[in-house]
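Fold and contact review
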Amino acid sequence: MMYDAIVIGGGSGGSAFSKRAAGYGAKVALIERGAQWDTAKGKRLSAGPGGTCVNVGCVPKKLMFMAAAHREMMVGPAATAQGYGVNVPTGAGSIDWKALKERRDKYVAKLNTGYTAGWKKEGVEVIEGIGTFVDSETVAVQCNDGSSRTLKGKHILIACGGLPSEPDIPGVEHAINSDGFFELEEQPKKVAVVGAGYIAVEMAGILHAMGSETHLFFRGDTVLRRGFDPFLVETLMEAMEHHGPILHRNSTPASITKQENKLLTYTATEGPMGEQKAISDFVTRPPMAMRAKISQSWAAILER
Ligand SMILES: Cc1cc2nc3c(=O)[nH]c(=O)nc-3n(C[C@H](O)[C@H](O)[C@H](O)COP(=O)(O)OP(=O)(O)OC[C@H]3O[C@@H](n4cnc5c(N)ncnc54)[C@H](O)[C@@H]3O)c2cc1C
């Protein structure tokens, strides 16, 4: 059978396209590989139904942001509140990370089901597996149930998204990325976030507002150097200077080392003199280095 369109990837792009095209009467097959893992490295290989946004992006990030904002309202202005005679109970704002993660994961799982049901309702044929090109109108699918299929389509949409990038430094395997942030079972006590993009800035802000000692390391003088309004960046920098997280400007990642007690030391080259500066004792299990997601070339993505 010839499909009008074959879509590889059920994230924001693939999902919207499939539903709209099927809504107009097109015969659409959507291939989504589901959430898969590199178990040896403990890293996520793919997002799952709904893509990055639903599973390891906008949605869980906003839930964490809301939790952080609630805590900040209770604890951040506590000194001011007490000044106005408001009693702030001891322990206010302590985070039950496990409960938060459980509820967040449940919400995401509900969205996964909802996305798949939504595609089917619009008449999209959903195929769970990994799609690869055979030629300009043929896609081979290695289905998750072990079978394989070959599909032919008049149009093929590549909507495979991207993976987080990592700095090429010794010890980077000890770090996690933004996907790993959503896997954390415990709140880290001390965190190094590396990056100047909006994801690093948001994650650092969330962790700081949740009460983790958070250091944000970035290469230039400011964060968000590309594509953001300068007045916005200026205001943000000023706010972070006063409020936190702890900022490390002009900082280039050098290495991460793991001590015997499992604590980590993050070393960066900082300042105009290129001085080596090591910050040690990133406590609790997974340390963090986060880098903004980058899109990879289509060819590279399809080879994964
Ligand atoms: C931490 C974080 C926070 C973010 N916050 C926001 C935000 O607040 N607002 C915003 O607008 N954007 C945000 N983004 C960006 C947003 O998530 C992405 O721009 C968006 O998800 C990209 O959609 P996409 O369809 O291109 O790819 P994705 O959503 O990544 O979807 C790609 C899909 O393709 C599947 N796939 C990959 N290869 C194959 C294959 N060969 N065969 C079958 N399936 C395959 C994957 O499993 C995945 O589900 C955030 C991203 C991150 C990481």
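So, here's what we can say about the structure.

Basis of the calculations
- Residues numbered from 1 in each chain as written.
- Predicted model: local features only at pLDDT ≥ 70, side-chain atom pairs only at ≥ 80, totals over all residues.
- Core = buried A, V, L, I, M, F, W, Y, C linked by C-beta atoms within 7 Å.
- Buried ≥ 20, exposed ≤ 12 C-beta atoms within 10 Å, placed from the backbone.
- Helix = DSSP H or I, 4+ residues; strand = E, 2+ residues; numbered from the N terminus.
- Contact = placed C-beta atoms within 7 Å.
- Pairing = 2+ DSSP bridges.
- Axes fitted to C-alpha atoms, helices over the stretch in contact; angles between N-to-C directions.
- Near = placed C-beta within 6 Å.
- Nonpolar A, V, L, I, M, F, W, Y, C, P; charged D, E, K, R; others polar.

**Observations regarding the nonpolar core**
Counting residues in hydrophobic clusters, the biggest one holds 27 residues, and the most contacted among them are Val193, Ala200, Met203, Ala204 and Ile206. Of all the elements, helix α7 (residues 198–209) adds the most residues to this core, at eight residues. Aside from chain neighbours lying at most four places away, what touches Ile206 is Met64, Phe65 and Ala68. With 23 residues, the next largest nonpolar core counts Ala29, Val108, Ile127 and Leu151 among its residues.

**A short note on the pairing of strand β7 (residues 148–158)**
Of the pairings in the sheet, the one linking strand β1 (residues 2–8) to β7 comprises six bridges and is parallel in character. Each residue of the ladder has a partner; that of Val7, found in β7, is Leu157. Linking strand β6 (residues 138–143) back to β7 in an antiparallel pair, the connection comprises four residues, with Gly146 at a positive phi of about 100°.

**Re the sheet that holds strand β2 (residues 28–32)**
The strand order around the closed barrel built from five strands is β1-β2-β5-β6-β7, with neighbouring strands paired in mixed fashion. Neighbour-to-neighbour, the strand axes of the sheet open up by a mean angle of 60°, direction not taken into account. As paired elements, β6 and β7 share five bridges and run antiparallel to each other. The partner of Val141 across the bridge, within β7, is Arg149.

**Observations concerning the sheet that holds strand β9 (residues 190–194)**
In space, the three strands of this open sheet follow the order β9-β10-β11, with parallel pairing throughout. With partners counted over all chains shown, the strands left at the sheet margins are β9 and β11 (246–248), one partner each. Across this sheet, the average inter-strand angle for adjacent strands is 20°, counted without regard to direction. Both β9 and strand β10 (residues 213–217) contribute to a ladder of five bridges, which runs parallel. For Val193, the partnering residue across the bridge sits in β10 and is Leu216.

**Observations concerning the site of the ligand**
Around the ligand, 30 residues are found, and the nearest of them are Gly9, Gly11, Gly51, Gly57 and Gly161. Those elements that provide at least two residues to the shell around the ligand are α1 (12–23), β2, α2 (51–56), α3 (58–75), β5 (125–135) and α9 (298–303). Residue contributions to the shell around the ligand peak at four residues, all from α2. Looking at the shell around the ligand, its residues break down into twelve nonpolar, 14 polar and four charged.

**Some points on the environment of Ile127**
Summarising the element assignment, Ile127 is placed in strand β5. In this structure the C-alpha to C-alpha distance between Ile127 and Ile8, which are 119 residues apart in sequence, comes to 9.6 Å.

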